[in-house]
Amino acid sequence: MSHSPAGGESRRIPVYPIIIAVILGVLVGHFFPHFGVKVKYAGLVFLNLLFVMVIPLIITSMIMGINGLGDIRHVGSIGLKTVGIYLITTFLATSTGLLLGVIANPGKGMVREANEFPEASYSIVQTPLSGGSILSFNGANLLLPSKINPQSQIVELTDQGAFGLIDPDSRIGKKEIPILKWQDETGKKVEPKLNGTGFRIKANPKKLTAGDILNSFVPRNIIRAMAEENVFPLILFSLAFGGILSTLGLAGKPLLDVINAVNITIIKAVELLMLVAPIGIFGLVAGSIADAELSTAGGFVAEFFRVARYGGAVMGGLLVHAWVSLALILWLVSRRNPFTFARNMIPQTLTAFSTSSSMATLPVSITLAVEKNKISERIANFVLPIGATVNMDGTALYQVVAAMFIAQSYGITLSLSQMLILVLTATIGSIGAAGIPSAGLITLVIVLRSVGLPVEGIGLILSIDWLLDRFRTAVNVWGDVVVASVIDRFEEGYEAEHPVRADMSEAVS
Ligand code: ASP
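Notes on the structure follow.

Cut-offs and rules
Residues numbered from 1 in each chain as written. Predicted model: local features only at pLDDT ≥ 70, side-chain atom pairs only at ≥ 80, totals over all residues. Heavy atoms only, no water. Helix = DSSP H or I, 4+ residues; strand = E, 2+ residues; numbered from the N terminus. Buried < 20%, exposed > 50% of the residue type's maximum accessible area, 1.4 Å probe, protein only. Contact = heavy atoms within 4.5 Å. Areas by Shrake-Rupley, 256 points an atom, 1.4 Å probe, with all protein chains shown as cover. Core = buried A, V, L, I, M, F, W, Y, C linked by side-chain atoms within 4.5 Å. Near = heavy atom within 4 Å. Polar contact = N/O pair within 3.5 Å; in protein donor to acceptor, adjacent residues only side chain to side chain. Nonpolar A, V, L, I, M, F, W, Y, C, P; charged D, E, K, R; others polar. Expected span 1.5 Å × (residues − 1). Bend = angle between axes of the 7 residues up to and from the residue. Salt bridge = Lys/Arg side-chain N within 4 Å of Asp/Glu carboxyl O. 1 Å grid on protein atoms, 1.4 Å probe; cavity = no way out; pocket = protein on both sides within 12 Å on 5 of 7 lines; lining within 4 Å. Points joined across faces, edges and corners; volume = space filled by probe spheres on them. Pairing = 2+ DSSP bridges. Axes fitted to C-alpha atoms, helices over the stretch in contact; angles between N-to-C directions. Parallel < 35°, antiparallel > 145°, perpendicular 65-115°, else oblique. Left-handed = near helix turned anticlockwise from the far one by under 90°. Phe/Tyr/Trp six-rings, centres within 6.5 Å; stacked < 30°, edge-to-face > 60°.

**Here's the deal with the overall build of the protein chain**
Of regular secondary structure, the protein chain possesses 20 helices and six strands. Counting the 509 residues in the protein chain, one finds 54% classified as buried. Put simply, 81% of the contacts in the protein chain that link residues at least 6 apart link residues at least 24 apart. Only carbon and sulfur atoms are counted for the fraction: they give 66% of the accessible area of the protein chain, which is about 22,200 Å².

Below you can see the structure in the form of structure tokens.
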């Protein structure tokens, strides 16, 4: 069987142009930010094109993966191994994070920005066109926090107990916050008085009900799960569907052929898309650096230095995890040369870096793992989609360091048992985070809550989170492919004894 999922010669994925695109993106975003925000759109088109492939790819890869693995009991044992090894690497990551949090003491000497403005007077102006309103503040020395995140923060008018959801699509000014709608504590819409005194910016953790959690495992409507890019239920659905299909023999073959053809078509499309990846990656990197330059007082570099100790601790931890823990696993367990293996995955790393999304990177991950690193197609098809959803070493490590940083900034000393809880909840927080930009920032709330740390502390790390997100996503996908290589090695014997069924290899080659 050919290792190329497309069944033919593998196309050259441009490595050097992608590296140059990242460097150019950084330079253009920094020196010409107004131009940078314009080229962002080229990046967004690239991102959409990647995302459009993700849902059909996950479903078809999982179904093909299971059918390729053969006996359903064998699928079960590989599944257990996969999840087990994913948990081990995540545990290594959180331990590294903990160690760095203790040694680097990133929160030392940190000056917190004010999030509470009890004396500030405000006024609200309705904006009939958008259906929302603008909250403006008076007072010469009022300075809003340098970065407010509409996804995870909310404005509270303390004198009237109204909460404003921030409009994510409008720009937040120095003294103005665009508000989507006002609500009370229970979430009911309210019309606040138009003038008053006192407000604060606070965290807006999503309240999860038992029903939400259930729905996130067992989809009620598979089309809706696809439309909402709700990946976890799709994986479970594909596992069940693929498992049943594998027991049907000849009766299931026509459908399997169709699914296989869809799978091959998508991989082919990814190869074609990668030819224009440098343009998209350039746009994404230039756009986000430019955004950071324009929205942070004093420019991004100044802002970065304010939290450099924290940023440095996260990046240092990621480096150690990727190049000590995971590289050792590659070398000792998978018996692979980490440098060659990593060089083959460079486009994966840079796609993850520029998209901040494990999910968007999945098509590239599968293609390179199979074509360049010769991981068996059925293993890659099975292990990588699961990894992109549940295995996030970088995110887990970052959550531990972030929590320790926030604790240290608030002068809170964590006990040993609190640190252990931190390691545990960061593992859960990373599993729960979707493979999309900033997802780890949202599940960080669970981590902070578990040890009683102030959720408002998230405000301290927002300004550089978009950058750390890129680095942690790159490590997330690196972890996935390393584990895939481990499973591949464990399964070598089985693969030799159970060659791919003739009907499947016909379809593939
Ligand atoms: N962006 C990350 C990912 O897709 C998740 C995170 O926010 O940490 O892997």
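**Describing the nonpolar core**
Generally speaking, a soluble globular protein has its nonpolar side chains buried in company with each other. Ranked by internal contacts, the top residues of the largest apolar core, which has 109 residues, are Tyr 310, Phe 382, Leu 422, Ile 461 and Trp 478. In terms of residue count, helix H18 (residues 458–490) provides more of this core than any other element does, 16 residues in total. With near-sequence residues (within four places) excluded, Phe 382 lies in contact with Met 62, Gly 65, Ile 66, Leu 69, Val 75, Ile 78, Gly 79, Thr 82 and Leu 239. Counting residues in each nonpolar core, the second largest holds 18 residues, with Phe 137, Leu 142, Ile 166 and Ile 177 among its members.

**A few points about the site of the ligand**
Taken together, the neighbourhood of the ligand is formed by 16 residues, with Ser 358, Thr 395, Gly 440, Asp 469 and Arg 472 sitting nearest. The separation between an oxygen atom of the ligand and a polar main-chain atom of Ala 439 is 3.0 Å. For the ligand, whose free accessible area comes to 270 Å², the fraction covered by protein is 100%. Elements with a contribution of two residues or more to the shell around the ligand: helix H17 (439–450) and H18. The element contributing the most residues to the shell around the ligand is H18, with four residues. Grouping the constituent residues of the shell around the ligand by class yields five nonpolar, nine polar and two charged.

**Here we look at helix H2 (residues 33–69)**
In an α-helix, one full turn covers 3.6 residues, which means residues spaced three or four apart are oriented alike. Over its 37 residues, H2 runs 50 Å from end to end, which matches the ideal 54 Å to within 8%, given 1.5 Å per residue. Taking the largest bend as the criterion, H2 deviates by roughly 30°, centred on Leu 57. Gly 70 lies just past H2 and shows a positive phi near 85°.

**With respect to the pattern of salt bridges**
Overall, the coordinates contain seven salt bridges when judged by the stated rule. Among the ionic pairs, Asp 488 bridges to Arg 336, the shortest N-O distance being 3.5 Å. In this pair, Asp 488 sits in helix H18 while Arg 336 sits in the loop between helix H10 (308–333) and helix H11 (338–344), placing the two residues 152 residues apart along the sequence. A salt bridge links Asp 469 to Arg 472, with the nearest nitrogen and oxygen atoms 3.4 Å apart. You can see Asp 469 and its partner Arg 472 sitting in helix H18, three residues apart, about one turn around the helix. Residue Arg 472 is classed as buried on the basis of its relative accessible area, which comes to 0%. Look at the salt bridges and you will find they share partners, linking Asp 465, Asp 469 and Arg 472 into a network.

**Points about empty space enclosed by the protein**
A full pass over the atoms with the stated rule returns four cavities of 30 Å³ or more. What the second largest cavity holds in volume is close to 70 Å³. Around the second largest cavity sit 16 residues that line it, and Thr 395, Ile 436, Asp 469, Thr 473 and Asn 476 are the ones nearest its centre. Elements represented by at least two residues in the lining of the second largest cavity include exactly H17 and H18. The biggest single contributor to the lining of the second largest cavity is H18, with four residues. The class makeup of the residues in the lining of the second largest cavity is five nonpolar, nine polar and two charged.

**Thoughts on the layout of surface pockets**
Taken as a whole, the second largest pocket holds about 480 Å³ of empty space. Surrounding the second largest pocket, 17 residues form its lining, Trp 323, Thr 349, Phe 471, Ala 474 and Val 475 being those nearest its centre. Contributing elements (two or more residues each) for the lining of the second largest pocket: helix H1 (15–31), H10, helix H12 (346–355) and H18. Looking at the lining of the second largest pocket, its residues break down into 16 nonpolar, one polar and no charged.

**Let's talk about the environment of Gly 70**
By secondary structure assignment, the location of Gly 70 is in the loop between H2 and helix H3 (72–104). Gly 70 gets classed as partly exposed once you look at its relative accessible area, which sits at 26%. In sequence terms Gly 70 and Ser 246 are 176 residues apart; their C-alpha atoms lie 7.3 Å from each other.

**A look at the environment of Ile 487**
The residue Ile 487 is located in helix H18 in this model. In this structure the C-alpha to C-alpha distance between Ile 487 and Ser 376, which are 111 residues apart in sequence, comes to 9.6 Å.

**Side note on the pairing of strand S1 (residues 116–127)**
Here is the key point about a regular strand: its side chains alternate between the two faces of the sheet. Sheet topology note: the S1/strand S2 (residues 132–137) ladder contains six bridges and is antiparallel. Looking at the pairing, Thr 127 lines up with Gly 132 of S2.

**Here we look at the packing of H2 against helix H8 (residues 277–295)**
The N-to-C vectors of H2 and H8 enclose an angle of 135°; their axes lie 6 Å apart at closest approach. It follows from the interaxial angle that H2 and H8 lie oblique. Of the two elements, H2 crosses H8, and the hand of that crossing is left-handed. The class makeup of the residues in the contact of H2 with H8 is 14 nonpolar, six polar and three charged.

**Quick notes on the packing of aromatic side chains**
Inspection of the entire model under this criterion finds eight aromatic pairs. The interplanar angle of 20° and the centroid separation of 5.5 Å between the aromatic rings of Trp 323 and Phe 339 together place this pair among those described as stacked. Of this pair, Trp 323 sits in helix H10 while Phe 339 is found in helix H11, placing the two residues 16 residues apart along the sequence. Relative accessible area serves as the criterion here: at 38%, Trp 323 is assigned to the partly exposed category.

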